[in-house]
Amino acid sequence: MKGNVIKYEQDNIDTDVILPGTYLKIHDYAELATHAMEGLDPDFHSKVKEGDFIVAGRNFGCGSSREHAPIALTHSGIKAVLALSFARIFYRNAVDGAFLLPIEIDENAYKDISNGDELEINVATNEINNHTTNKKYQMKPFSEIIGKIIAAGGLFKFKP
Amino acid sequence: MNITEKILARASKNESVEPDEVIFVNVDKAMLHDVSGPGVIKVFEKLQKQGISVDKLWDPSKVWVAEDHFVPSAEKVSAENIVKLSNFTKNYGIEKHFKYGMGQYGICHTLSHEEALVLPGEVYVAGDSHTNTTGALGAFACGLGHTDMAYVLLNGKIWFKVPETLYFKLNGKLPDHVMAKDFILRIIGDIGTDGAAYKAMQFGGTGVYEMSIDERLTLTNMTTEAGAKNGIIEPDQKITDHLAERGATNYTALKGDSNAQFAKIFEYEASEMEPTVAKPFSPQNVSVVRETSSIELDKAYIGSCTGAKFEDLKAVAKILKGRKVKIRTEILPAAISIYKKALENGFIKIFLDAGAMVGPPTCGACCGAHMGVLAKDEICISTTNRNFPGRMGHVESQTYLASPLVAAASAVTGKITDPRDLN
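Cut-offs used in this document
- Residues numbered from 1 in each chain as written.
- Chains lettered and ligands numbered in written order.
- Predicted model: local features only at pLDDT ≥ 70, side-chain atom pairs only at ≥ 80, totals over all residues.
- Helix = DSSP H or I, 4+ residues; strand = E, 2+ residues; numbered from the N terminus.
- Rg over C-alpha atoms; globule rule 2.2 N^0.38 Å.
- Buried ≥ 20, exposed ≤ 12 C-beta atoms within 10 Å, placed from the backbone.
- Contact = placed C-beta atoms within 7 Å.
- Core = buried A, V, L, I, M, F, W, Y, C linked by C-beta atoms within 7 Å.
- Domains from an automatic or database assignment.
- Pairing = 2+ DSSP bridges.
- Axes fitted to C-alpha atoms, helices over the stretch in contact; angles between N-to-C directions.
- Nonpolar A, V, L, I, M, F, W, Y, C, P; charged D, E, K, R; others polar.
- Arc of directions from axis to C-beta.
- Parallel < 35°, antiparallel > 145°, perpendicular 65-115°, else oblique.
- Left-handed = near helix turned anticlockwise from the far one by under 90°.
- Right-handed = clockwise from strand over helix to strand, strands pointing away.

S.K.: What's the story with the overall build of chain B in this structure? I'm lost.
M.R.: From N to C terminus, chain B includes 14 helices and 18 strands. Its C-alpha radius of gyration of 21 Å places chain B within 12% of the 22 Å reference for a compact globule of 423 residues. Each of the three principal axes of chain B carries a C-alpha extent, and together these read 60 × 55 × 40 Å. By the burial criterion, 59% of the 423 residues in chain B qualify as buried. Look at the contacts in chain B between residues 6 or more apart in sequence, and 76% of them connect residues 24 or more apart.

Put into structure tokens, the structure is as follows:
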């Protein structure tokens with residue numbers, strides 16, 4: 001999985017900025033994508049490219065249970081969010097719905113990765129290669145259940 | 001085991017469970033509303049395309065549906081969502097559908113206890129993050145997204161990682177003019193918006209059991225704002241009586257063992273609690289009211305599952321009686337049964353005499369949907385639960401979270417006001 005980074009150097013990026021409440025009535029995935037990150041970065045929709053990664057700080061996706069949040073990011077082209085930590089409902093929505101990958105990284109990787117860097121992520125080896133800087137980082141391995149649900153392609157395809 | 005572990009052990013048919021263990025639990029009750037319902041319908045459509053059967057639900061009698069976010073229909077899209085929801089409940093045989101303008105209706109997290117839809121000891125999941133609220137009845141109550149709710153509706157079970165529990169003990173009775181909202185804001189200020197991430201928050205101590213059920217619901221409601229999986233209070237006689245008044249007596253309440261384990265215990269002295277607000281733009285950005293009293297306001301909003309229950313309206317009425325509001329003040333009772341009770345107790349007349357607007361039950365402006373959203377630079381004091389950028393409207397509007405007493409006192413003066421300082 002290879003892509004470029006859109007970095008937001010802040011903690012607690014909440015679901016109200018990822019997908020503002022006024023759009024909760026919308027259930028068309030492509031239309032939701034046009035409003036992704038609108039509360040934080042109104043230019044997001046025009047700059048995001050298929051395969052991009054978001055890099056952010058602690059507690060990404062805190063707030064609401066709206067699955068609209070991972071849906072809007074995924075249908076914008078985002079393949080993974082790399083963050084210091086995730087809020088629980090955003091995390092399980094991303095995994096169970098087979099949307100983007102929520103990847104936990106450490107402080108070192110978070111500080112080191114810059115906006116626009118090209119990363120290659122290998123979830124089988126938990127390795128992140130920064131092709132722009134030629135540095136390597138380790139992602140936090142998925143827990144057993146999360147790894148299995150991701151490998152199955154979402155909760156409905158997972159056999160307990 | 002503590003109460004959360006006991007409920008999860010029972011529901012997973014295990015003799016015991018431990019924190020971090022991954023289990024599948026059988027769900028006792030499930031709820032959808034006019035945002036998560038259409039979201040689940042969309043998931044069902046996707047599943048059908050993949051050849052997965054969505055012909056019938058695991059048990060329609062255990063599912064209930066509320067209409068609360070975009071009602072009364074804000075515009076055409078939300079009107080169509082309500083029609084979709086009605087077709088869904090009809091097709092799948094869900095009888096407990098609280099339709100807007102048809103008998104009892106209002107915010108889902110208020111209906112859950114007003115109508116005794118969830119009982120002590122049960123596992124209750126719903127498509128809304130503030131599902132945690134209902135844990136005040138002694139249930140394991142947890143919010144989920146659309147895919148997970150679709151899975152629950154079709155299979156009657158869902159996976160959980162057993163959470164560690166943080167225990168918050170309140171010693172003594174809260175002083176006059178201090179409410180549960182002040183206590184929970186103080187806690188969130190202390191532990192942060194991820195301070196209980198993936199964990200359970202349990203409340204106890206004399207101060208909690210002195211509280212009315214409505215006040216306890218404010219505590220569990222706001223556990224979501226600390227990132228918690230669930231909030232919970234062991235049920236006492238007040239809960240038993242409340243449910244019995246509604247005809248619910250057939251359940252097995254669970255309590256923790258005397259040697260129950262907690263990841264951490266936090267003790268607070270009720271006498272030290274003060275009226276508190278959370279400043280923009282985070283529920284953890286707390287300050288005592290007297291340190292923010294110079295802030296001039298444009299509006300007071302008294303609404304939502306957090307701050308428009310009967311006891312909340314009673315607190316507002318206590319302040320507004322014989323006084324006039326100085327800023328726009330919007331009061332939206334959380335359910336029509338509460339509206340009616342407020343009317344019977346004379347509160348609605350007090351609100352109208354004070355010059356406030358009284359609106360129908362709806363999540364409305366709490367989530368920036370409609371019915372009182374904020375303009376750029378508008379500053380609002382609100383009894384709701386979140387104040388992230390744009391939560392209640394324009395991304396440059398500002399929301400101060402407060403108790404109903406603080407919101408009402410502030411409505412009277414036009415500035416953030418400690419109810420103790422009101423003439």
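S.K.: Whenever I open this one, the nonpolar core confuses me. Can you help?
M.R.: Soluble globular proteins tend to pack their nonpolar side chains together in the buried interior. Ranked by size, the top nonpolar core spans 191 residues in total, and within it Val 81 of chain A together with Val 125 and Ala 408 of chain B carry the most contacts. In terms of domain composition, this core takes at least three residues from each of domain 1 (3-267) and domain 2 (277-421) of chain B. Among all residues touching Ala 408 of chain B, those that are not within four sequence positions of it are Ala 315, Val 316, Ile 319 and Leu 320 of chain B.

S.K.: Explain the sheet that holds strand E7 (residues 135-138) of chain A to me, please; I cannot follow it from the model alone.
M.R.: Where strands meet in a sheet, backbone hydrogen bonds hold them as pairs that are either parallel or antiparallel. Residue and element names in this part refer to chain A. Strand order in the open sheet formed by 7 strands is E4-E3-E2-E1-E5-E6-E7, and the pairing between neighbours is mixed. Looking at the sheet topology across the chains shown, the edges are occupied by strand E4 (101-104) and E7. Going across the sheet, the axis of each strand differs from the next one's by a mean of 30°, ignoring polarity. With 3 bridges connecting them, strand E1 (residues 2-7) and strand E5 (residues 118-122) associate as antiparallel partners. Paired with Lys 2 across the two strands is Glu 120, which belongs to E5.

S.K.: Is there a simple way to explain the domain arrangement of chain B in this structure?
M.R.: When the parts come together, some accessible area is lost, and that loss is often what is quoted as the size of the interface. Residues and elements named next belong to chain B. Its domain assignment divides chain B into domain 1 (3-267) and domain 2 (277-421). Computed from C-alpha coordinates alone, the two centres of domain 1 and domain 2 are separated by 24 Å. Each side of the interface is counted separately: domain 1 has 34 residues, and domain 2 has 35 residues. Residue assignment for the side of domain 1 that touches domain 2 shows that the elements contributing at least two residues are helix H4 (108-114), helix H6 (180-191) and helix H8 (213-221). With 6 residues, H6 is the single largest residue contributor to the side of domain 1 that touches domain 2. Residue composition of the side of domain 1 that touches domain 2, grouped by class: 12 nonpolar, 14 polar and 8 charged.

S.K.: Teacher, can you tell me more about the interface of chain A and chain B here?
M.R.: The interface of chain A with chain B comprises 32 residues on the first partner and 40 residues on the second. Take the side of chain A that touches chain B: its biggest share by element is 5 residues, from helix H5 (residues 88-96) of chain A. The class makeup of the residues in the side of chain A that touches chain B is 11 nonpolar, 13 polar and 8 charged.

S.K.: What's the story with the environment of Leu 111 of chain B in this structure? I'm lost.
M.R.: Residues and elements named next belong to chain B. Along the chain, the position of Leu 111 falls in helix H4. Sequence separation between Leu 111 and Ala 66 is 45 residues, and the spatial gap between their C-alpha atoms is 8.2 Å. Setting aside residues up to four positions removed in sequence, Leu 111 forms contacts with Ala 66, Phe 98, Gln 104, Gly 106, Leu 117 and Ala 335.

S.K.: It is not clear to me how helix H12 (residues 336-344) of chain B should be interpreted in this structure. Could you clarify?
M.R.: Along an α-helix, residues three or four positions apart point the same way, because every turn accommodates 3.6 residues. Residue and element names in this part refer to chain B. When we look at burial in H12, the residues that qualify are Ile 336, Ile 338, Tyr 339 and Ala 342. The arc that holds every buried residue of H12, seen down its axis, measures 155°, which confines them to one face. Packing partners of the buried residues in H12 comprise H4, helix H11 (310-320) and helix H13 (347-354). Remark: Gly 346 follows H12 within two positions and exhibits a positive phi of approximately 85°.

S.K.: Help me understand the packing of H11 of chain B against helix H14 (residues 404-413) of chain B in this model?
M.R.: Two quantities define a packed helix pair, namely the angle between the axes and the distance from one axis to the other. Residues and elements named next belong to chain B. Direction vectors running N to C along H11 and H14 enclose 30°, while the axes themselves pass 8 Å from each other. Taken together, H11 and H14 sit at an angle that is classed as roughly parallel. Our pair here, H11 against H14, has a crossing hand that is right-handed. Here H11 contributes Asp 312, Ala 315, Val 316, Ile 319 and Leu 320 to the contact with H14, which in turn contributes Pro 404, Leu 405, Ala 408, Ala 409 and Val 412. Among the residues making up the contact of H11 with H14, the classes are represented as 9 nonpolar, no polar and 1 charged.

S.K.: Help me out: how do you make sense of the sheet that holds strand E4 (residues 96-98) of chain B in this one?
M.R.: Residues and elements named next belong to chain B. One open sheet accounts for 5 strands, arranged E4-E3-E2-E5-E6; its pairing is parallel. Each edge of the sheet is formed by a strand with only one pairing partner; in this case those strands are E4 and strand E6 (140-143). The average angle at which neighbouring strand axes cross in this sheet is 15°, direction not considered. Judged from the 4 bridges that link them, strand E5 (residues 123-126) and E6 form a sheet pairing that is parallel. Of the residues in E6, the one forming a bridge with Val 125 is Cys 142.

S.K.: Would you explain the pairing of strand E3 (residues 80-83) of chain A in this entry?
M.R.: Each regular strand shows side chains that alternate between the opposite faces of the sheet. Residue and element names in this part refer to chain A. Along E3, one buried face is formed by Ala 80 and Leu 82 and the opposite face, lined by Val 81 and Ala 83, is buried too. When strand E2 (residues 53-56) meets E3, the two strands line up parallel, connected through 4 bridges. Across the sheet, Val 55 pairs through a bridge with Leu 82, a residue of E3. Judged from the 4 bridges that link them, E3 and E4 form a sheet pairing that is parallel. Residue pairing for E4: Ala 83 is matched across the bridge by Glu 104. Following the backbone out of E3, through H5 and into the adjacent parallel E4, one traces a crossover that is right-handed.

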